[in-house]
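One-letter residues, chain by chain:
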Amino acid sequence: MDIISLISMVAIPLFVLIVLVLGTFKRLPTYDLFVEGGKEGLTIAVSLLPYLLGMLVSISIFRSSGALDFVISLLEPVLNIIRVPSEIVPLALTKPISGTAALAVTSDLLKSYGPDSFIGRLASTMQGSTDTTLYIITIYFGSVGIKKMGDALKVGLLTDIIGIITAITVITILFG
C-alpha cells in the first residue's frame, strides 16, 4: 500500500477523532453539537432544493431546445480559424452552469474520442480548469440571501473564460 492510499484512508476518520478529542478536552457537549450541526445541515439542504431544481430544469431546457446546437453552429467558423474543435463547446458552456452536466459531457467526449486524443485531453483539462460559477452563485448566494451578485458573477465568468483559454493554449502547445 502506498503512502497516498494510506493517507486517504485515515484522513477523515483521523480528523473526526481529533475534533472529538479536542471537544471533549475543552468540555464541550460534542454529541449535542454534532446533532445540532446535523439539524442545521438538513435545514440548509432543504433551503437549497428550489435553487437546485431551477438550475437543473434550466440546463435541461437549454440542451433540449436546440439552443446549445445553435450556439455551436454560430461559433464553429471562428473555432475553425483558431483550430479549436467545436466538440468542446458544450463542455465550455455547461461547466460554469453545472459540474454534473459538465462531467457527463466530458464522459461522452472521452467515450467518443478517447482519453489520449486531443479532444479527450482538452476536455479533461477544461474539466479541472474551470468552476461551476452559475451553480455556486445560484445555490450558495441564494441560500444565504445575497441579492447583489453582479460583481461576483462577472469575476467568476471571467475566470472561467481564462481557464478555458488557458486549457486550450496549454493542450495545444503540449499535444497540438
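Residues numbered from 1 in each chain as written. Predicted model: local features only at pLDDT ≥ 70, side-chain atom pairs only at ≥ 80, totals over all residues. Heavy atoms only, no water.

Visitor: Give me the lowdown on the side chain of Asp-160, citing residues and values where you can.
Guide: Mapped onto the elements, Asp-160 comes out in helix H8 (residues 150-175). Lacking a salt bridge, the buried Asp-160 has Lys-95 as its closest oppositely charged neighbour, with an N-O distance of 7.9 Å. A distance of 2.5 Å separates the side chain of Asp-160 from the side chain of Thr-133, its partner in a polar contact. When neighbours within four sequence positions are excluded, Asp-160 is seen to be in contact with Pro-96, Thr-130, Asp-131 and Thr-133. (Helix = DSSP H or I, 4+ residues; strand = E, 2+ residues; numbered from the N terminus. Buried < 20%, exposed > 50% of the residue type's maximum accessible area, 1.4 Å probe, protein only. Lys, Arg positive; Asp, Glu negative; His and termini not counted. Salt bridge = Lys/Arg side-chain N within 4 Å of Asp/Glu carboxyl O. Polar contact = N/O pair within 3.5 Å; in protein donor to acceptor, adjacent residues only side chain to side chain. Contact = heavy atoms within 4.5 Å.)

Visitor: Before we move on, can you summarise the nonpolar core with the specific residues and values?
Guide: Counting residues in hydrophobic clusters, the biggest one holds 19 residues, and the most contacted among them are Ile-88, Leu-91, Leu-109, Leu-122 and Met-126. Taken together, the elements giving at least two residues each to this core come down to helix H3 (67-81), helix H4 (89-94), helix H5 (99-113), helix H6 (118-129) and H8. (Core = buried A, V, L, I, M, F, W, Y, C linked by side-chain atoms within 4.5 Å.)

Visitor: Break down unusual backbone geometry for me, with residues and values.
Guide: Although it is not a glycine, Arg-27 sits at a positive phi angle of roughly 60°. Mapped onto the elements of the fold, Arg-27 is located in the loop between helix H1 (3-25) and helix H2 (30-64). Note on Arg-27: relative accessible area 77%, which makes it exposed.

Visitor: Before we move on, can you summarise the packing of aromatic side chains with the specific residues and values?
Guide: Within the structure shown, the criterion is met by one aromatic pair. The interplanar angle of 90° and the centroid separation of 6.5 Å between the aromatic rings of Tyr-135 and Tyr-140 together place this pair among those described as edge-to-face. Relative accessible area serves as the criterion here: at 24%, Tyr-135 is assigned to the partly exposed category. Look at Tyr-140 and you get partly exposed, because its relative accessible area is 45%. Here the guanidinium or amino end of Arg-121 rests over the ring plane of Phe-175, the centre of that ring lying 4.0 Å away. (Phe/Tyr/Trp six-rings, centres within 6.5 Å; stacked < 30°, edge-to-face > 60°. Lys NZ or Arg CZ within 6 Å of the ring centre and 35° of its normal.)

Visitor: Pulling in residues and values, what's your account of a nonpolar patch on the surface?
Guide: Taken together, Ile-3, Ile-4, Leu-6, Ile-7, Met-9, Val-10, Leu-14, Leu-17, Ile-18, Val-21 and Leu-22 make up a surface patch of nonpolar side chains, about 1000 Å² in accessible area. Along the chain, the position of Ile-4 falls in helix H1. (Patch = residues over 30% accessible without salt bridge, like charges linked within 9 Å, V, L, I, M, F, W, Y side chains within 5 Å. Areas by Shrake-Rupley, 256 points an atom, 1.4 Å probe, with all protein chains shown as cover.)

Visitor: So, the packing of H2 against helix H7 (residues 133-144): which residues are in play, and what are the values?
Guide: Any two packed helices are characterised by how steeply their axes cross, that is the angle between the axes, and by the distance between the axes. It is at 9 Å that the axes of H2 and H7 come closest, and there the two elements cross at 150°. As judged from the angle between their axes, H2 and H7 are roughly antiparallel. Relative to H7, H2 is oriented so that their crossing is right-handed. Together, Ser-47, Leu-48, Tyr-51, Leu-52 and Met-55 of H2 and Leu-134, Tyr-135, Thr-138, Ile-139, Gly-142 and Ser-143 of H7 make up the contact between the two elements. Here the contact of H2 with H7 is composed, by residue class, of seven nonpolar, four polar and no charged. (Axes fitted to C-alpha atoms, helices over the stretch in contact; angles between N-to-C directions. Parallel < 35°, antiparallel > 145°, perpendicular 65-115°, else oblique. Left-handed = near helix turned anticlockwise from the far one by under 90°. Nonpolar A, V, L, I, M, F, W, Y, C, P; charged D, E, K, R; others polar.)

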